[in-house]
Amino acid sequence: MKKIFLFIFLVAISFCSKAQDSTYAQRLGFPKDARVIILHMDDAGMSLSSDRGVEKVFEKGVANSTSVMMPCPWVPQMVRYIKAHPGIDAGLHLTLTSEWKDYRWGPLAGAAVVPGLVDSTGSMWRGVADVVKHASAEEVDKEMRAQLQRAEKMNFHPTHLDSHMGTLFATDAFLQKYIQLGIEKQIPVMFPGGHDTYISDEMKIPDNVLHSYQNLGKKIWDGGLPVLDDLLNSSYDWNPPADIVKNEKALAKWRVDLYEKAMLKLKPGVTMVIMHCTDPSSVFSEISDSGDKRRADMLAMLDAGFKKFLKDNGFVLTTWRELMERRQKIK
């Protein structure tokens, strides 16, 4: 009898060990060594240029996911596009900051309800540090729910939630509210809770923080939602050389080369690759000086050579919609 119990105990240990070693991609039914990616376009709804860039890539490029900044002026146009193209992978880019100099927006919950989220102009704070300094987790929760409520009122049902400028990752209290909302509403949340090899190497994340992320990943999974194994979120720091910004061919090649170099470092698992595909108009520079690198993202995702690179290297494209469908099939 003791031998039987010992055998069962060893089998259980072996099973747990394998479960811990497996990627979330495996748990969702992808092949063991698959590098599964979501090519994700942030900032839809922020401006007409943002919307046009996202739309061009959806129609002619390889990026296959986006998220909408609900407090921003061009949301109605983007939502009309989403509703006209059923099946598009579109989430909420939960927005707690308003970073530009003159092009600003305020909280949907209203300044009187969330006073800690607004500056002296009535707009959201420009930087994450000010949100942390002035806003409570309860105010953050109210604003997230107001943004979700607006989407639902527009008959836009988001495939996932993520965080503009990473504000929801700035404190544990904010992060807990974000995860709680996703689990409560059964909407996937963007969260790298797996092996996190890329972000660990690039951002030099301490082991204790990495361990806490993995614990939160387990909480999200146990709450019925899919979890990312890793995150590639470095492209916004890639600033184009001044001598190529007016040459679309050179700009696209420069950006594609950077994406390919970064993506070859990815390990098996589900990784979200974040970018900001934009087709800047003549007035976009009045909003931001980031137009060139945003245009470069759009051009890279439209590039036939980049599409071939993905195929030749065996990358598997997925969406948040597909990940949730797979998660729902697992008990």
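Residues take numbers from 1 onward in each chain, read along the sequence in its written order. It should be noted that, the model being predicted, local features are given only for residues of pLDDT at least 70 and side-chain atom pairs only at 80 or more, the latter also being counted only at that level, while totals for whole chains, interfaces and linings use all residues. Excluded from the side-chain calculations are hydrogens and water; all other atoms, namely the structure's heavy atoms, are used.

Selection criterion: UniProt positions are given in the numbering used here, feature names are shortened, and annotations may be inferred rather than shown by experiment.
For the protein, the name recorded in an unreviewed UniProt entry is ChbG/HpnK family deacetylase, with Hanamia caeni as its organism. Under the UniProt heading Cofactor (unreviewed entry), the note attached to the protein is "Mg(2+)".

Let's talk about helix H10 (residues 248–263)
Inclusion rule: Helix and strand definitions follow DSSP, with helices as H or I runs of at least four residues and strands as E runs of at least two, each counted in order from the N terminus. Helix span, expected: 1.5 Å multiplied by one less than the number of residues in the helix. Each residue is placed in one exposure class: buried if its accessible area under a 1.4 Å probe, protein chains only, is under 20% of its type's maximum, exposed if it is over 50%, and partly exposed if it falls in between. Whether two residues touch is decided by their heavy atoms; if any such pair falls within 4.5 Å, the residues are in contact. For this analysis, a polar contact is any N or O atom pair within 3.5 Å, provided that within protein one partner can donate a hydrogen and the other can accept it, and provided that sequence-adjacent residues contribute only side-chain to side-chain pairs.
For H10, spanning 16 residues, the distance from its first C-alpha to its last is 22 Å, which sits close to the expected 22 Å at 1.5 Å a residue. Residues Leu 251, Ala 252, Trp 254, Arg 255, Val 256, Tyr 259, Glu 260, Ala 262 and Met 263 constitute the buried set of H10. Those residues of H10 hidden inside the fold are in contact with strand S1 (35–44), helix H8 (197–203), strand S5 (230–232), strand S6 (269–275), helix H11 (291–302) and helix H12 (304–312). The opening residue of H10 is Asn 247, an N-cap whose side-chain oxygen sits 3.2 Å from the backbone nitrogen of Lys 249.

Quick word on the confidence of the model for the protein
The criterion, for reference: Per-residue confidence from the predictor is reported as pLDDT, a score between 0 and 100.
Residue-level pLDDT values for the protein average 93, and 94% of them are 70 or greater. Here residues 1–19 is a poorly scored stretch, pLDDT under 50, and it has 1 contact once near neighbours within four places are set aside; other chains count.

Looking at the packing of aromatic side chains
Defined as follows: Pairing of aromatic rings covers Phe, Tyr and the six-membered ring of Trp, with a centre-to-centre limit of 6.5 Å; geometry is then stacked below 30 degrees between planes, edge-to-face above 60, and tilted otherwise. Throughout this description, the term charge over a ring refers to an Arg CZ or Lys NZ atom that lies within 6 Å of the ring centre and within 35 degrees of the ring normal.
Applying the stated rule across the entire model yields 10 aromatic pairs. Measuring from ring centre to ring centre gives 5.0 Å for Phe 191 and Tyr 213, while their planes differ by 45 degrees; the resulting arrangement is tilted. Here the residue Phe 191 occupies a position in the loop between helix H7 (172–185) and H8, and Tyr 213 occupies one in helix H9 (residues 207–222), the gap between them amounting to 22 residues. For the pair Tyr 259 and Phe 306, a centre-to-centre distance of 6.2 Å together with 50 degrees between the ring planes defines the contact as tilted. Taken together, the residues span a long stretch of sequence, with Tyr 259 in helix H10 and Phe 306 in helix H12 at a distance of 47 residues. These aromatic residues form a ring-pair network of at least three members: Trp 238, Tyr 259, Phe 306, Phe 309 and Phe 315. If you follow Arg 27 out to its NZ or CZ, it ends over the ring of Trp 221, 5.9 Å from the centre. Sitting above the plane of the Tyr 236 ring, Lys 293 keeps its charged end 4.0 Å from the centroid.

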